[in-house]
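Fold and geometry: a report
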Amino acid sequence: MSRGGTGVTVAVVGMGAVGTALAGALACAGHDVVACGRRPLSTIEVTDGEVATTHPVRWAAEPGDVGPTELTILATKIHDTAGAAAWLAASTSEGGDVLVAQNGVDQAERVGPLIGADRSETRPGGVVVPALVYINAERTAPGVVRTRRTDCDLVVPGHEEAAPVADLLAGAGLAVERSADFATAAWRKMLTNVSANPITALTGRRVEVLAEQQAAELAMRVLTETVAVANAEAASLDDADARDVLTWLQTLAPGSTTSMLQDREAGRPLEYDGLTGTVVRLGDRHGIDVGANRTLLSLLSAVSPAPGAVSR
């Protein structure tokens, strides 16, 4: 990753809770942040704990307004990925890395083809770096987020190609873990998503609901099914990981929310197909009983029909 001057140009595609939180950290560190999307933004505000900070950003209304960047952060929902293709093509036209700050277990595979990363002879430089996001971010208004951070903000692959992006993020004050077994790390993060997201969205309650006995028992059934699917997909997890994830969720800061609950409250499409839907499809492929996940998938699809690809 090239570095012109003291900072680099970073385009953020998807200025929701996660995108705004990451944009705030990078802007605070002196980087030139371009906020991509329909809604005009000139500043963003991030409240961490009791401290609120405001940072300037540049707004790009259309892909042609972006220009080439050193780093693009894709922070849309999974179902919005295809709709972001034009933004990615514009920001990576002269190379540049892409950080895929999305849920799921196949970030690089879903984004790489959109920017020609699988055809290196036609795309100059740059790598696609998948990221697992652990920042608990809540958007309270456009360009305004509240974060509740733990001891790890992001997990990225530990290989050498991802190191420049990891260094940039760490230099912006983010707690970045570099995983030597990213596939297992991605499935461990999937455990949090397929349990907390559906249960909070369907109950309309924040993560405190997972401390209640019946919700916790349902979460454990979902988690143990997902562990079995993960291992069939060459991850290395066991039931202790399921218990650890539930304990972690139960001890998050009071008031912590989930992206799916926020989307339901805002009337937006729910990101269940790439999460619970993935577990059900892979479970069926491997002949694994995923009854609890299947029930949640049925309920989620009744609440919110499967969304198409919509740009943000």
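Source: prediction; values computed, not measured.

Procedures and definitions
Residues numbered from 1 in each chain as written. Predicted model: local features only at pLDDT ≥ 70, side-chain atom pairs only at ≥ 80, totals over all residues. Heavy atoms only, no water. Pairing = 2+ DSSP bridges. Helix = DSSP H or I, 4+ residues; strand = E, 2+ residues; numbered from the N terminus. Axes fitted to C-alpha atoms, helices over the stretch in contact; angles between N-to-C directions. Phe/Tyr/Trp six-rings, centres within 6.5 Å; stacked < 30°, edge-to-face > 60°. Lys NZ or Arg CZ within 6 Å of the ring centre and 35° of its normal. Expected span 1.5 Å × (residues − 1). Buried < 20%, exposed > 50% of the residue type's maximum accessible area, 1.4 Å probe, protein only. Arc of directions from axis to C-beta. Contact = heavy atoms within 4.5 Å. Right-handed = clockwise from strand over helix to strand, strands pointing away.

1. Thoughts on the sheet that holds strand β11 (residues 144-148)
Strand order in the open sheet formed by 4 strands is β4-β3-β11-β10, with mixed pairing between adjacent strands. At either margin of the open sheet sits one strand with a lone partner, and together these are β4 (51-56) and β10 (136-141). Averaged over all adjacent pairs, the angle separating strand axes in this sheet is 25°, with direction ignored. In this sheet, β11 lies alongside β10 in antiparallel orientation, the contact comprising 5 bridges. Looking at β11, one finds that Glu138 is bridged to Arg146.

2. Observations regarding the sheet that holds strand β9 (residues 132-133)
A sheet is described by the order of its strands in space; here 3 strands give the open sequence β9-β12-β13, paired in mixed fashion. Because the sheet does not close on itself, it has two edges, and the strands there are β9 and β13 (176-179). In this sheet, strand β12 (residues 154-157) lies alongside β9 in antiparallel orientation, the contact comprising 2 bridges. Across the sheet, residue Val133 finds its bridge partner in β12, namely Leu154.

3. Some details on the packing of aromatic side chains
Under the criterion given, the structure shown has 1 aromatic pair. Sitting above the plane of the Tyr134 ring, Lys189 keeps its charged end 5.5 Å from the centroid.

4. Describing helix α10 (residues 291-303)
Between its first and last C-alpha atoms α10 spans 19 Å; for 13 residues at 1.5 Å apiece the expected length is 18 Å, and the two agree. Taken together, the buried positions of α10 are Ala292, Asn293, Leu296, Leu297 and Leu300. The buried residues of α10 occupy an angular sector of 135° when the element is viewed end-on, so they sit on one face. Packing partners of the buried residues in α10 comprise α5 (182-203), α6 (213-232), α8 (259-266) and α9 (276-286).

5. Some thoughts on the pairing of strand β2 (residues 32-36)
Taken across its 5 residues, β2 has 4 buried, putting it largely inside the fold. In the sheet, strand β1 (residues 9-13) pairs with β2 via 5 bridges, with the strands oriented parallel. The partner of Val13 across the bridge, within β2, is Cys36. Between β1 and its parallel partner β2, the chain crosses via helix α1 (residues 17-28), and the hand of that crossover is right-handed. Judged from the 3 bridges that link them, β2 and strand β5 (residues 58-60) form a sheet pairing that is parallel.

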